[in-house]
Amino acid sequence: MSYETLSASREGPLGIITINRPEALNALSNKLVHELISALAAFESDEEVRCLVITGSERAFSAGADIKEMADMSAVQMSMSGHFFPLWDRLGRYPKPVVGALSGFVLGGGLELAMSLDVLIASETTQLGQPEINIGVMPGGGGTQRLTRAVGKYKAMDMILTGTRIGADEAKALGLVSRVVPKEAYLEEAKKVATEIASKSPVSVKLAKMAVNKAFEMGLSDGLDFERQLFYLLFASEDAKEGMKAFMEKRKPVFKGK
């Protein structure tokens with residue numbers, strides 16, 4: 001399938017989505033959002049794809065929402081259109097792991113998109129922030145919730161109320177990104193991480209992702225119960241039997257996602 005605002009391709013077990021609106025620093029237009037949703041759906045239904053990578057350009061992963069589209073919208077129009085909110089809903093339920101390859105500007109809706117992914121690899125040039133306050137609005141795609149959970153109340157308040165950006169190293173120290181690498185290596189590092197994830201059991205990866213995500217929604221006791229139920233469930237999978245058998249036989253397991 002061809003797209004106007006992004007490209008989507010297969011590299012072995014990986015699905016690669018590259019946001020491509022260089023003239024707008026990869027701003028999240030309505031069209032881009034719906035093309036992202038379409039690409040995600042296509043890769044979800046492809047059984048050969050075990051992990052995704054979403055990236056932009058070296059200059060910008062995404063500088064945020066397309067303000068030109070939003071500037072004249074009323075509250076009713078915004079709520080009825082949904083704008084980019086369907087994308088967050090789609091990513092929140094997405095079963096396959098998604099690695100973000102970040103570089104340059106990761107701002108506003110771009111940071112909200114990144115925080116909806118599972119593992120974040122950042123170039124040393126990455127700048128992250130929620131600058132919506134500077135144009136008289138606030139984060140509306142999960143920024144106030146996910147950023148607070150990632151960096152804590154006081155740093156989140158600082159970033160959101162002042163619009164301050166942080167660099168990649170500070171983001172890593174705060175737990176907002178997974179790894180920081182030189183700018184020439186960020187995409188390859190993301191693909192390397194995604195390939196490693198793709199080599200694991202698709203069943204255990206899917207359930208482990210579910211359990212980690214639930215940690216942000218449940219109390220500890222309920223979360224532990226949920227984790228235990230998924231752990232027991234994995235013992236009904238062929239992959240678990242294969243993994244333990246391969247370990248005892250000192251060989252590499254062959255996972256089939258069953």
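On a predicted model such as this, the values are computed, not experimentally measured, just so you know.

Describe the overall build of the protein chain, listing the residues and the values that go with them.
A count of helical and extended segments in the protein chain gives 12 helices and 10 strands. Radius of gyration (C-alpha) of the protein chain: 19 Å, near the 18 Å computed for a compact globule of 258 residues. Seen through its C-alpha atoms, the protein chain measures out along the principal axes to roughly 60 × 45 × 40 Å. By residue count, 43% of the 258 residues in the protein chain fall in the buried class. Long-range pairs, those at least 24 residues apart, make up 68% of the contacts in the protein chain between residues at least 6 apart in sequence. For the protein chain, the computed accessible surface area is about 13,500 Å², with 56% contributed by carbon and sulfur atoms. In the protein chain, 31 positive and 32 negative side-chain charges are present, and the distance between their average locations comes to 5 Å.

Which residues make up the side chain of Gln-130, and what values do they have?
Here Gln-130 is to be found in the loop between strand E8 (127–129) and helix H6 (143–151). Side-chain polar atoms of Gln-130 contact the backbone oxygen of Gly-108, separated by 3.5 Å. Within the local environment of Gln-130, its side chain forms a polar contact with the side chain of Glu-132, the two groups lying 2.9 Å apart.

Pulling in residues and values, what's your account of the pairing of strand E5 (residues 98–102)?
The buried fraction of E5 is high, at 5 of 5 residues. Taking every second residue as pointing to the same face, both faces of E5 are buried, with Val-98, Gly-100 and Leu-102 on one and Val-99 and Ala-101 on the other. Bridge count for strand E3 (residues 51–55) against E5 is 4 bridges, and the pairing is parallel. What sits directly across from Val-53, in E5, is Val-99. The sheet contact formed by E5 and strand E7 (residues 119–123) spans 4 bridges and is parallel. Each bridged residue has a counterpart across the sheet, and for Leu-102 the counterpart in E7 is Ala-122.

Quick one: what's the story with the sheet that holds strand E2 (residues 14–19), residue by residue and with numbers?
With mixed pairing, 6 strands are arranged side by side in an open sheet as E1-E2-E3-E5-E7-E10. Unpaired on one side and paired on the other, strand E1 (6–11) and strand E10 (179–181) mark the two borders of the sheet. Averaged over all neighbouring strand pairs, the angle between strand axes comes to 20°, with direction disregarded. In terms of strand pairing, E1 meets E2 through 6 bridges, oriented antiparallel. Each residue of the ladder has a partner; that of Glu-11, found in E2, is Leu-14.

Break down the pattern of salt bridges for me, citing the residues and quoting the values.
For the structure on display, the rule yields 14 salt bridges. A single salt-bridge network, built from bridges that share partners, covers Glu-11, Glu-188 and Lys-191.

Quick rundown of the environment of Ile-17? Include the residues and the values.
Tracing the backbone shows Ile-17 in strand E2. Along the backbone, Ile-17 and Leu-52 are 35 residues apart, and their C-alpha atoms lie at a distance of 7.6 Å. Contacts of Ile-17, omitting those with residues within four sequence positions, involve Leu-6, Ser-7, Leu-36, Ala-39, Leu-40, Phe-43, Leu-52, Val-53, Ile-54 and Thr-55.

An account of the packing of aromatic side chains is needed here, citing residue identities and associated values.
Per the counting criterion, the structure on display carries 2 aromatic pairs. Taken together, a centroid distance of 6.2 Å and an interplanar angle of 50° make the contact between Phe-231 and Tyr-232 tilted. On the basis of an interplanar angle of 70° and a centroid distance of 5.3 Å, the ring pair of Phe-231 and Phe-235 is categorised as edge-to-face. Grouped by ring-pair contacts, the aromatic residues Phe-231, Tyr-232 and Phe-235 constitute a single cluster. Sitting over the face of the ring of Phe-226, Lys-214 holds its NZ or CZ atom 5.9 Å from the ring centroid.

How would you sum up the packing of helix H10 (residues 202–214) against helix H11 (residues 220–234)? Please name residues and give values.
Running from amino to carboxyl end, H10 crosses H11 at an angle of 175°, the nearest separation of the two axes being 10 Å. By the angle between their directions, the pair H10 and H11 is classed as roughly antiparallel. Residues Val-203, Ser-204, Leu-207, Met-210, Ala-211 and Lys-214 of H10 lie in contact with H11, whose contacting residues are Phe-226, Leu-230, Leu-233 and Leu-234. A per-class count over the contact of H10 with H11 returns 8 nonpolar, 1 polar and 1 charged.

Break down unusual backbone geometry for me, with residues and values.
Phi angles above zero are rare outside glycine, and Leu-25 is one such case at about 50°. Along the chain, Leu-25 turns up in the loop between E2 and helix H1 (30–45). In this structure, Lys-250 takes a positive phi of about 55° despite not being glycine. In this structure, Lys-250 sits in the segment after helix H12 (238–248).

Calculation rules
- Residues numbered from 1 in each chain as written.
- Predicted model: local features only at pLDDT ≥ 70, side-chain atom pairs only at ≥ 80, totals over all residues.
- Heavy atoms only, no water.
- Helix = DSSP H or I, 4+ residues; strand = E, 2+ residues; numbered from the N terminus.
- Rg over C-alpha atoms; globule rule 2.2 N^0.38 Å.
- Buried < 20%, exposed > 50% of the residue type's maximum accessible area, 1.4 Å probe, protein only.
- Contact = heavy atoms within 4.5 Å.
- Areas by Shrake-Rupley, 256 points an atom, 1.4 Å probe, with all protein chains shown as cover.
- Lys, Arg positive; Asp, Glu negative; His and termini not counted.
- Charge placed at Lys NZ, Arg CZ, Asp CG, Glu CD.
- Polar contact = N/O pair within 3.5 Å; in protein donor to acceptor, adjacent residues only side chain to side chain.
- Pairing = 2+ DSSP bridges.
- Axes fitted to C-alpha atoms, helices over the stretch in contact; angles between N-to-C directions.
- Salt bridge = Lys/Arg side-chain N within 4 Å of Asp/Glu carboxyl O.
- Phe/Tyr/Trp six-rings, centres within 6.5 Å; stacked < 30°, edge-to-face > 60°.
- Lys NZ or Arg CZ within 6 Å of the ring centre and 35° of its normal.
- Parallel < 35°, antiparallel > 145°, perpendicular 65-115°, else oblique.
- Nonpolar A, V, L, I, M, F, W, Y, C, P; charged D, E, K, R; others polar.

Note that all results are geometric; they support no functional claim without further evidence.
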